[in-house]
Structures are given as structure tokens and as C-alpha cells.
Amino acid sequence: MRWNKEALLQRQFRITGIAVAVSLCFLVARPAEDKQLTIITPQSSFSVLLQEREGKEYIDLQNILDQLGHTSATIEGDNFKLRYDRLEAHFKSGQTSGKVGNASVQLAGKFLLENDHGLVPFASLVELLPHFTGGHAEYHEISRRLFVNGGGTRFSAELKKGTPSTLALSFTASVNPRITSEGGKLRLSFSHDPLATTAQNLKYDDPLITSLHYSENENGGEMVIEASEPLLASFSDKGKTIVLSAAPKLATATSSAETQTASGTPAANSTAATESNPNLSSTTSSGSAVLGEPSVPHTRYLIVIDPSHGGSERGAALSEKLAEKDITLAIARRLRAELNDRGLVTFMIRDSDSTISLDQRAAVTNTSRAAVYVAIHAGTLGHGVRVYTSMLPETAPAPGTFLPWETAQSGYVHNSRILAYSVIDQITKNQSKLPVAMMPAPVRPLNNIAGAAIAIEVAPQNGDAESLTNSNYQQMVANSLAAAIVSVRSSLEQPR
Amino acid sequence: MIPRHVQISFALLLAGIFSVGFYMLSLKHRAETSTWHSTDSTLLAPPVSAAAEPVTLYVAYDDLGVLRKRTAMVALPSETPARARTILRTLLTEYLQETSPHPIGAGSDINDVYMVNQNLAVVDLNSTFADTHRSGVWEETLTVDSMIATLSANIPEIKQVKILVDGQERETLAGHADLITVYDASVVNQLVQALQ
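Note that this is a predicted model, so its numbers are computed, not measured. (Residues numbered from 1 in each chain as written. Chains lettered and ligands numbered in written order. Predicted model: local features only at pLDDT ≥ 70, side-chain atom pairs only at ≥ 80, totals over all residues.)

Another point: the packing of helix α8 (residues 413-430) of chain A against helix α9 (residues 471-487) of chain A. Residues and elements named next belong to chain A. The interhelical angle for the contact between α8 and α9, taken along N-to-C directions, is 135 degrees, at an axis separation of 8 Å. What the angle tells us is that α8 and α9 run oblique. At the point where α8 passes α9, the crossing takes the right-handed sense. Touching Leu419, Ser422, Val423, Gln426, Ile427 and Asn430 of α8 are Met476, Asn479, Ser480, Leu481, Ala483, Ala484 and Ser487, all from α9. Partitioning the contact of α8 with α9 into residue classes produces seven nonpolar, six polar and no charged. (Axes fitted to C-alpha atoms, helices over the stretch in contact; angles between N-to-C directions. Helix = DSSP H or I, 4+ residues; strand = E, 2+ residues; numbered from the N terminus. Parallel < 35°, antiparallel > 145°, perpendicular 65-115°, else oblique. Left-handed = near helix turned anticlockwise from the far one by under 90°. Contact = placed C-beta atoms within 7 Å. Nonpolar A, V, L, I, M, F, W, Y, C, P; charged D, E, K, R; others polar.)

Here you go:
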């Protein structure tokens, strides 16, 4: 009885072992990958399966021609007659030659007839296809792409020398590459864009951009641009142009205490450096993504000040001569000084009259991991100061590194409101009679900021737009904002 | 000495030239007048084939910084997109008047309104609307909020609104108000309640 029990246990153990081994075999053994060929024409791109017969790769000819025009096939015994538009082709099963129109064609292997489909050796396709389509075909072996009749996207690169230089990449069609960066090396992966170039190596005699290398891989194409500094990619012309330029550096102005702690540099030197480089934090571009880390170490309580508009984007016309962009910059400079006096690290999105896109403003703020973002606007409607927060619903901060661009602010709405209320309090303390209001509003780019973010709109003090240039008024606004940012520091500061 | 019959012929020709000249001038004046009328920015009245019904408008008042609820009697088509367009055009008519509390540029109009999934209304503004709109956070916010609140008040099934300009996505209305986002009507309505 006991022996029987042991035998039964041993038997069950063996069966379980075999079952586990078989399951593991199924898990480990991966199905043979179907090889595919991507065919790119000027009108479309499509994929077809390659089939292995007699040690060679074969392809269904009619399947390809169906995508390019109208086809019909007739089979009589071993004879295969294929009509493509007005052209007629004849092949015979087992033969290594055929006829397309009046031209005789040689195949790299036997023609096969299978389930009413005519298979030709894949090696013959590049020569065979132009007989039907009338153009030419170019096969890229690494990426398994066949470019027919000039299909595919081509690009050219032009280095525009300057201080700093920019590299303009022009494409014949819109592209959407995946962009990654490692220090000064920028990688553009074109897995979805059919780039017809096989390889290109360009060297530049430039202090910023030193080389461009394009090569094909099994996923498509990859372009690597090497530079001495992190680069910023700006898209324009509906994705047909990518301009690479130096990523903006954070222009820091710190208090003596923070500077000495962080780098041992006296505060006076640091501030002077910022003032002497007014264009350090400005770039010109449209529709962009910021790449690469800014060259300044992250601080836990970094304040990004955004003087809205600038350059060709004048903002509201406050009077015949007064543009919004000038008032916002004046107030922003005062705010920076006030914050620096209070020992806070700041970054100005622009410190000169330069055009910066809204996406770029948000991207720079997010990559610098700012705790606070303040966009400054000016308007002529009404009086006093209006403080705006995002209209997004308040949610808990999302875990993880990636946030949806359009709703990045969601997890920070609570903090933004704390800051907005504080600004209202401080303005009321400083000038109790000045009308102030706080409300959610659809102001770009608040929704894209991953941090406490507000926009303030400074309206005239007394109905006269010229009062916006009043230094006392501007100073009062800057002072109130700075006091508010300092007062909520303990609520907003957190490890990021 | 010029013969008498030549003198008469010459005088008749001269008279003919002058009369044709006057006629041409009057034609030119008439053409100019008709062109002026055709560029009049006032939107055409809604179709009158249907019975007029009350429409709630949330009208922006710049000087007070508020949105005021108003009722207008408008003949509305039965299909939701056409209905939405007529309602918005009624609101714009208020803004296009000379005594408008929230003026917008002459020629501003709604190209069309499309319904997606019954709850999302896509409002297509004409380019004149955006190009001539006054720039400013408050001005642009009032315009966007009043349009969304008006749509939502009259067609409750509209829960979200997306705004395009000439069929294309645009970053902002006039430099400030976000046109990339899809507006949640309930959030706008809460804001509008506070602004009344």
C-alpha cells in the first residue's frame, strides 16, 4: 500500500515535470518570424510577405501589382497569364524565364504556381517590377524596403554658420522621427518615415555641430548629429523642416547664500554674468521640442519667469506705440530682481526681444524641472491684476516620469491655486484698492506645465494704458509676486 | 468755312459722348454702392422657414468683465449642427453691432459646426474671426467662454467643444486663448456662473 502511494507520487511528479518542460519549450520556442517587404511608391506604401520555397525567398507578384494598378490572372494548366492594366505577362510553372509585354525576362529561380497564385523569386523582383510599372525600383536590403518609381522621402542638410550655428534638415515630405539625446549627440529615428537615402556622412567645420551620420537599420533609418552642446530640434513647414540649434541654457541669478553653497562663486559675479548675456536664454523657432538637459544643475525651488510674447509676436496693442511684449519683459525683469534679492534661483524664458514658441516655453520649463512657472501678460481691459490658473480638472500628481503633454498641469492644479491665492493676498496687502481677480482661463501654455503654474495679466491702474509703464506700478506687481512665491515655498517645494 | 451739316454732326457726337460719360459715371457709382452693401459685416438673419424659438445667449460685457444671460427669438433648423451654427451666429450678431459690449472684427463668422459622437461639437471659425480678434487674455477668454456657454445652454448634449480656424487647428485665438485644447463645457459653465 505504502509502495503504491510512493509510486503514485513519483508518477504524478514525473507527469508534472514533463508538463512543465513542455510548457517551457512552448514559451521559449518562438515562431519563425515572417519576413516582410515594404514597398514604397510615390502614392502609398504597403507590406507584402516573403515566402521561402526551395531555399529561396519568393513573393506573390499579383499581390504587389494589385496595390499598384488593376490586375487579373488566368491559369491554364502550368501556364500563368497575368494582365496588369494593358500589359500582359506570361509565365510557366517550373520555368526560369517569362515574358512581360514583348520583353523576355529571366528569373533567378523557377516560377511557381501555388493555389492559383504565381510566385516569383524575390531576387528577380527589382528587375521584373519596372517591366510592369514603367519606372524603376530600388531595393534597400537592410531595411527591407523597395522604393518604386521614385517613392520615399529624401532629405538635404544645410549648416547655417553663426553664433551659434544651426543645421536645417529639409525633407521632401512631412516626417515624425523619434528623437533622443545623449549629451551633445542627437538621434533621430525614422521608423515610420520612408527615407529613401541609404547612407550619408557629413562633417562640419563648426564649433557647435560637428557631424551628421545617416544610416539604415532594420527598423528604418537613423540620423545621428554630433555637437559640442545639447541640441534643440524645432519643427516647421508642417514637419518638412527640422532646425537643430543649441538648446537654451538656464541663465541663473542666485543669491549669495545659494551661490556659495552650490558652486562657491560669489553672487555678484553670477548676477553680472546673467546681465551681460541678455540673449542667453532666448532662441528663435516655431513648433518645437526641447531636447537635452539644460546645463545648469537642477535646484529644488527654481522659478521660471515667462515674459509672454516677444520678437515678431507683439501680443496685445496696448496703445498706438505700446506693445504687450515690452511691458511683460519690463515686469519680468523686476520680478527676477525681487526674487534674486529674496535668495531664489530664477530663469527667464527670454531676456531680449526674441520669438519663442509656446511649446518651447513649456518644454524649457519642464526640462528644467521648475517648481514655479509665472507667465506675465498685460492687457487694456478693466483695471488691476488678474491671476489665471489652468482650466484642467484637479487630479493627484501622476506617478512615473512621463506625463501627457496636453494635460501635464492636471496633477499640479492644486499647487497652482495655492500660488494664485497667495498672489492675490500679497497684492491686496500692498495696494488694497487695486482690483484683483483669480480664475481659471484657457491661457497657453499653462496646461503643458508640470509644476505650479500661473499667468498674470496686468491691466491699467486707472484706465490709462500708459499707467502700465509706471515703474511704481510695475514694481508693486513684481514685489507682490515675489512675496507670494516666497510665502508658498514650503507648500510647493518637494523633491522632483 | 465748315459746312453746316458737319457742324450739326459734330455737335450731336459731342452730346452723345457726354451723355455716355454721365451714364458710365452713374453705373460706376451704382456698382460701388452695391459692393459696399455686400461687404456689410452684419450677419444675415437666420432662416425664417422654421418657427422662432427662444435661444439663450451668454453675452460678454468687456467693461464689467461679465457674461450676461439674454434670450433671443430665433428660427432654428432641426439638425443639431445647423442649429448650433445658427445659435452661434446669433451671438456673433450681438458682437458685430456698433454698440456691441464685446466687439469683434467685421466679417467674423462661423464657417460651420460639426458634431462628433453627439457630445463633441467642432466649431470652425473663419480666419477673419481669429485674425481680427483683439489680443488679450481677458478679451479672448470672454469670447471663447461665451460661445461655449451659449452652445451648451441651448444644446445640452454638447459636452465638449473644439475650436478650429478655417478648418485648421490653431494654437491660440489671438495670442492667448488656447485653441489646441478640447473644452469641457461643464468646466466653462462653472466659470460662467461665477462671471454672471
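Taken residue by residue, the interface counts 20 residues in chain B and 24 residues in chain A. Mapped onto the side of chain B that touches chain A, the elements with two or more residues apiece are α4 (137-154) and α5 (185-194) of chain B. In terms of residue count, the dominant contributor to the side of chain B that touches chain A is α4 of chain B (five residues). Residue composition of the side of chain B that touches chain A, by class: eight nonpolar, eight polar and four charged.

This part covers the sheet that holds strand β17 (residues 199-203) of chain A. Residues and elements named next belong to chain A. One open sheet accounts for five strands, arranged β15-β16-β19-β18-β17; its pairing is antiparallel. With partners counted over all chains shown, the strands left at the sheet margins are β15 (178-182) and β17, one partner each. Geometrically, the sheet is characterised by an average inter-axis angle of 15 degrees between neighbouring strands, direction not taken into account. By the bridge criterion, five bridges tie β17 to strand β18 (residues 209-217) in an arrangement that is antiparallel. Counted as the bridge partner of lysine 203 is serine 211 from β18. (Pairing = 2+ DSSP bridges.)

Attention now goes to the sheet that holds strand β5 (residues 160-165) of chain B. Residue and element names in this part refer to chain B. With mixed pairing, four strands are arranged side by side in an open sheet as β3-β4-β5-β6. The outermost strands of the open sheet, each flanked by one partner alone, are β3 (110-116) and β6 (183-184). The sheet contact formed by strand β4 (residues 120-125) and β5 spans six bridges and is parallel. Looking at the pairing, alanine 121 lines up with valine 161 of β5.

Ile303, Val372, Val374, Ile454, Ile456 and Leu481 of chain A together with Leu88 of chain B are the most contacted members of the largest nonpolar core, which totals 107 residues. Ranked by residue count, the leading element in this core is α4 of chain B, at eight residues. For leucine 88 of chain B, the residues in contact, after removing those within four places along its chain, are Ile110, Val113, Val123, Met147, Thr150 and Leu151 of chain B. (Core = buried A, V, L, I, M, F, W, Y, C linked by C-beta atoms within 7 Å. Buried ≥ 20, exposed ≤ 12 C-beta atoms within 10 Å, placed from the backbone.)

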